Amino acid sequence: MHALSFFQNPFFPDHVTYTWFVMALLILGGLLVRGGMELYPGKLQNFMEVVIGGLDSLVTDTMGHEGKNFFPLIATIALFILVSNLLGLVPGFGSPTANLNTNAAMAIVVFILTHIMGVKVHGGKYIKQFMGPVWWLTPLILPIEIVSHIVRPVSLSIRLFGNMEGGHIVIAVLLILAPFLVPVPILILKLLICFIQTLVFTLLAMMYIGGAMGEAH
């Protein structure tokens, strides 16, 4: 049971409610920054400019200049995952990314967009690469390629889910066993994991999409 009982209801699962809560936070934060933009930025505007500038550089460095087109998606995914991860550290709140369904939804979006861009950029050549260099290898290569691509969203989903849910369980157990000795170092480690898992998911998403647009082989 979470301390914030008003977030629990018989109509929607907890992870859906927390997902909406994170979405509301991000939308509200964006509106506040946009409405308060000034020539000489304040602390909030400075902070957001650093965050958005860092994400923009990450997208460009990973995907090249063509990655600019995917910046809105990548930035949204990164901010959503990070805020969701951090939310789980707040007493009484749950993390949407500690639920496999939330992560699978994001991974499937990346998976679908990856192949849409591959077909858009390379046309039939993109499909042909799944069949191997010669026709008689197709029965062997095709299943391998299909499985390897299906594993991508599965891996993205489970990796994020496992780290977030596992971290919550470890913290809960340690707080019960040693409430005054362990929490600070464990929370610092958990905080680091929140950022690392955000970076891992975001980087892999960019690599998958960028790889599909690269030279077909």
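All values reported here derive from a predicted model rather than from experimental measurement.

Further remarks concern the overall build of the protein chain. Of regular secondary structure, the protein chain possesses seven helices and zero strands. Counting from the amino terminus, the protein chain carries its helices and strands in the arrangement α-α-α-α-α-α-α. Sorting the 217 residues of the protein chain into buried and exposed places 34% on the buried side. Within the protein chain, counting contacts between residues at least 6 apart in sequence, those at least 24 apart form 68% of the total. Surface exposure of the protein chain reaches about 13000 Å², of which carbon and sulfur atoms provide 75%.

A separate point is the nonpolar core. Met63, Phe70, Ile81, Met106, Phe201 and Ile209 are the most contacted members of the largest nonpolar core, which has 32 residues in total. Excluding residues within four positions of it along the chain, Ile209 makes contact with Met63, Phe70, Val110, Leu113, Thr114 and Met117.

Within the secondary structure, Asn99 is located in the loop between α3 (71-87) and α4 (100-122). If we ignore the near neighbours within four places in the chain, the residues touching Asn99 are His15 and Phe161. Within the structure, the side chain of Asn99 is placed 2.8 Å from the backbone nitrogen of Asn101, a separation counted as a polar contact.

Turning to the side chain of Asn103, a few remarks are in order. Among the secondary structure elements, Asn103 is positioned in helix α4. Residue Asn103 is classed as buried on the basis of its relative accessible area, which comes to 0%. Setting aside its immediate chain neighbours within four residues, Asn103 contacts Thr97, Ser157, Leu160, Phe161 and Phe201.

A word on the pattern of salt bridges. One pass over the structure, following the stated rule, counts one salt bridge. With its nearest N and O atoms 2.9 Å apart, the salt bridge here joins Asp56 to Lys68. With Asp56 in helix α2 (residues 43-63) and Lys68 in the loop between α2 and α3, this pair connects stretches of sequence that are 12 residues apart. Under the relative-accessibility criterion, Lys68 is labelled partly exposed at 40%.

This brings us to the confidence of the model for the protein chain. Here the protein chain averages 84 in pLDDT, and 87% of its residues register 70 or above. Note that residues 1-6 has pLDDT below 50 and, in this model, 10 contacts with residues that lie over four places away or in other chains.

Counted at 1.5 Å a residue, the expected span for α3 with its 17 residues is 24 Å, and the 24 Å between its end C-alpha atoms agrees. Buried residues of α3: Phe71, Ile74, Ala75, Ile77, Ala78, Phe80, Ile81, Leu82, Ser84, Asn85 and Leu87, and no others.

Relative orientation of the contacting elements α2 and α3 amounts to 120°, with a least axis distance of 10 Å. As judged from the angle between their axes, α2 and α3 are oblique. The hand of the α2/α3 crossing is right-handed. Residues Val51, Ile52, Leu55, Asp56 and Val59 of α2 form the contact with α3, whose own contacting residues are Phe71, Ile74, Ala75, Ala78 and Leu79. Across the contact of α2 with α3, the residue classes break down as nine nonpolar, no polar and one charged.

Turning our attention to the environment of Glu49. Tracing the chain through its elements places Glu49 in helix α2. Take Glu49: its relative accessible area is 42%, and that puts it in the partly exposed class. For the pair formed by Glu49 and Val33, sequence separation is 16 residues and the distance between their alpha carbons is 9.6 Å.

What follows covers α2. Its 21 residues give α2 an end-to-end C-alpha distance of 30 Å, which sits within 8% of 30 Å, the value for a rise of 1.5 Å per residue. Along α2, the residues classified as buried are Gln45, Leu55, Val59, Thr60 and Met63. The buried residues of α2 all sit within an arc of 135° when viewed along its axis, so they share a single face. Within α2, the exposed residues directed more than 90 degrees away from the buried face are Lys43, Phe47, Val50 and Asp61. At the exit of α2 stands Gly64, carrying a positive phi of roughly 80°.

Criteria and cut-off values
- Residues numbered from 1 in each chain as written.
- Predicted model: local features only at pLDDT ≥ 70, side-chain atom pairs only at ≥ 80, totals over all residues.
- Heavy atoms only, no water.
- Helix = DSSP H or I, 4+ residues; strand = E, 2+ residues; numbered from the N terminus.
- Buried < 20%, exposed > 50% of the residue type's maximum accessible area, 1.4 Å probe, protein only.
- Contact = heavy atoms within 4.5 Å.
- Areas by Shrake-Rupley, 256 points an atom, 1.4 Å probe, with all protein chains shown as cover.
- Core = buried A, V, L, I, M, F, W, Y, C linked by side-chain atoms within 4.5 Å.
- Polar contact = N/O pair within 3.5 Å; in protein donor to acceptor, adjacent residues only side chain to side chain.
- Salt bridge = Lys/Arg side-chain N within 4 Å of Asp/Glu carboxyl O.
- pLDDT = per-residue confidence, 0-100.
- Expected span 1.5 Å × (residues − 1).
- Axes fitted to C-alpha atoms, helices over the stretch in contact; angles between N-to-C directions.
- Parallel < 35°, antiparallel > 145°, perpendicular 65-115°, else oblique.
- Left-handed = near helix turned anticlockwise from the far one by under 90°.
- Nonpolar A, V, L, I, M, F, W, Y, C, P; charged D, E, K, R; others polar.
- Arc of directions from axis to C-beta.

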